[in-house]
Amino acid sequence: MLVLGIESSCDETAVALIEEIEGEEQPRLLSSVISTQIPLHRLYGGVIPELASRNHSTNLPGVLKEALEKAGRDISQVDVFASTAGPGLVAALLVGNTAAKALALAAGKPFVAVNHLEGHMLSPFITHPQGLVPHLALVVSGGHTLLVDVQGSGNYRLLGRSVDDAAGEAFDKVAKMLDLPYPGGPEIDKRAEQGDPNRFKLPRPMLHEPHLDFSFSGLKTAVLYTLPKLVESGNPNDLDEQTMCDLCAGVRAAIVEVLIHKALKAARQTGHRVMAVSGGVSCNGALRRELSAACARAKIELILPPNSLTTDNAAMIAFAGLLRARAQDFSPLDTPVDPNLRLAGAQTRA
Ligand code: KG4
Ligand code: ZN
């Protein structure tokens, strides 16, 4: 079975092909092409939805052609077309989604509407030798921070989520405050490597509360109050280089400590011995290092996607589409896109 996935929920236009061959344990990721619009949106300090959708529309045909060429397959060989249906920017979602539906309609093949968060959540298993196994999922993207008890494909129980800003959003908003380029996560991560995480003790909200929810919006306020204490102008561009790095290290340490603490608590509560982390923030250097060490101490197997599969990509959409296709769980062609789409089965908190 050959599945073609299309992702266009934000500022990445992506197409991937994944193939399942009878008798082989693991599907083969044949190609995963991503055309990023980050340099364009960086000019505006964040994603401009209309620009994103216009660029998806112009980029998608070329990305599709390249993905098919790299995979060595013809469009006529595709058995299932999958695309992101939400959450995301509605005008951006519509481009990839409508293209996938049109291709499915023209070829008379089935279509699968994929939840972007489910795509992220399953992404660590694309390259995992045992395929999808029951686990505790920590999804840390730009828009969402979730802890999910995953028993199998489509069998999800939400354990905790951010009640305000997502972890990625916190990185991005603090970076904007520090006048660092968009997206802020990698910029803070890079500077944090040279900084002292203990110089600024920033808040760790909800760290010791018994539930598994997160709150990151207080970090912005803490940084906002710290700035004028460091430079009279309050202008981040007047900070010396080391102070900027120390501040970035402090922000990163606060976010990472809360994520790790809550994820381990969730693993203890659910009894899961396997944890998987996904979403753009999962390529954060400190999160990967410190969570790996914490999981090793707790004798929990940690599954991390390769960096190329952490931020938005279509391989995760094709993989989620493949799991649904295995169960013959296809979507009608009039399935709408939904900018606020929730994770099926994970609407309610345990
Ligand atoms: O999963 P993703 O590509 O898009 C969404 O679905 O939202 O995640 C993007 C987020 C952005 O907030 C970005 O700043 C963050 O991931 N990110 C990072 C790093 N790389 C990307 N955050 C922290 N450290 C990084 N190295
Ligand atoms: Zn994403």
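Residues numbered from 1 in each chain as written. Chains lettered and ligands numbered in written order. Predicted model: local features only at pLDDT ≥ 70, side-chain atom pairs only at ≥ 80, totals over all residues. Heavy atoms only, no water.

Teacher, can you tell me more about the packing of helix H5 (residues 167-177) against helix H6 (residues 184-192) here?
When two helices pack together, their arrangement is given by the angle between the helix axes and the distance between those axes. Between H5 and H6, the least distance of the axes is 7 Å, while the angle of their chain directions is 75°. Taken together, the axes of H5 and H6 lie roughly perpendicular to each other. Contacts between H5 and H6 involve Phe171, Asp172, Val174 and Ala175 from the first element and Gly184, Gly185 and Ile188 from the second. For the contact of H5 with H6, the class distribution of residues is four nonpolar, two polar and one charged. (Axes fitted to C-alpha atoms, helices over the stretch in contact; angles between N-to-C directions. Helix = DSSP H or I, 4+ residues; strand = E, 2+ residues; numbered from the N terminus. Parallel < 35°, antiparallel > 145°, perpendicular 65-115°, else oblique. Contact = heavy atoms within 4.5 Å. Nonpolar A, V, L, I, M, F, W, Y, C, P; charged D, E, K, R; others polar.)

Help me out: how do you make sense of the site of ligand 1 in this one?
Around ligand 1 sit 19 residues, and of these His120, Gly142, Asp172, Asp189 and Asn284 come closest. Between ligand 1 and His120, the relevant distance is 2.9 Å, taken from an oxygen atom to a side-chain nitrogen or oxygen of the residue. When isolated, ligand 1 has an accessible area of 550 Å², and the protein chains bury 89% of it. Counting only elements with at least two residues in the shell around ligand 1, the list comes to helix H4 (116-122), H5 and H6. In terms of residue class, the shell around ligand 1 is built from five nonpolar, eleven polar and three charged. For the shell around ligand 1, the domains that each give at least three residues are domain 1 (2-127 + 309-326) and domain 2 (135-304). (Near = heavy atom within 4 Å. Polar contact = N/O pair within 3.5 Å; in protein donor to acceptor, adjacent residues only side chain to side chain. Areas by Shrake-Rupley, 256 points an atom, 1.4 Å probe, with all protein chains shown as cover. Domains from an automatic or database assignment.)

Teacher, can you tell me more about the packing of aromatic side chains here?
To describe a pair of aromatic rings, you give the distance between the ring centres and the angle between the ring planes. Scanning all chains against the criterion turns up one aromatic pair. Judged by centre distance (5.9 Å) and plane angle (15°), the ring pair of Phe214 and Phe216 falls under stacked. The class of Phe214 is buried, set by a relative accessible area of 0%. The class of Phe216 is buried, set by a relative accessible area of 1%. (Phe/Tyr/Trp six-rings, centres within 6.5 Å; stacked < 30°, edge-to-face > 60°. Buried < 20%, exposed > 50% of the residue type's maximum accessible area, 1.4 Å probe, protein only.)

Is there a simple way to think about the nonpolar core in this case?
Most often, soluble globular proteins keep nonpolar side chains buried together rather than apart. Ranked by size, the top nonpolar core spans 50 residues in total, and within it Leu147, Leu178, Ile255, Leu259 and Met275 carry the most contacts. Going through the elements one at a time, strand S6 (135-140), H5, H6, helix H7 (217-230), helix H8 (241-270), strand S9 (274-278) and helix H9 (285-297) are the ones with two or more residues in this core. Beyond its immediate stretch of four places on either side in the chain, Leu259 contacts Leu138, Val140, Thr145, Ala167, Phe214, Phe216 and Leu287. Counting residues in each nonpolar core, the second largest holds 36 residues, with Ile18, Ala276, Ile303 and Leu323 among its members. (Core = buried A, V, L, I, M, F, W, Y, C linked by side-chain atoms within 4.5 Å.)

Just to check I follow, could you spell out the domain arrangement of the chain for this structure?
Frequently, the measure chosen for interface size is the accessible area removed from exposure when the parts meet. By the assigned domains, the chain splits into domain 1 (2-127 + 309-326) and domain 2 (135-304). Centre-to-centre, using C-alpha coordinates, domain 1 lies 27 Å away from domain 2. Counting residues at the interface gives 19 residues for domain 1, matched by 24 residues for domain 2. Together, the buried faces of domain 1 and domain 2 total about 1,700 Å²; carbon and sulfur atoms form 72% of this surface. Counting the contacts that link domain 1 with domain 2 gives six residue pairs in polar contact (both at pLDDT 80 or more). Only helix H1 (38-42) and H4 provide two or more residues apiece to the side of domain 1 that touches domain 2. (Buried area = accessible area lost by both parts, 1.4 Å probe.)

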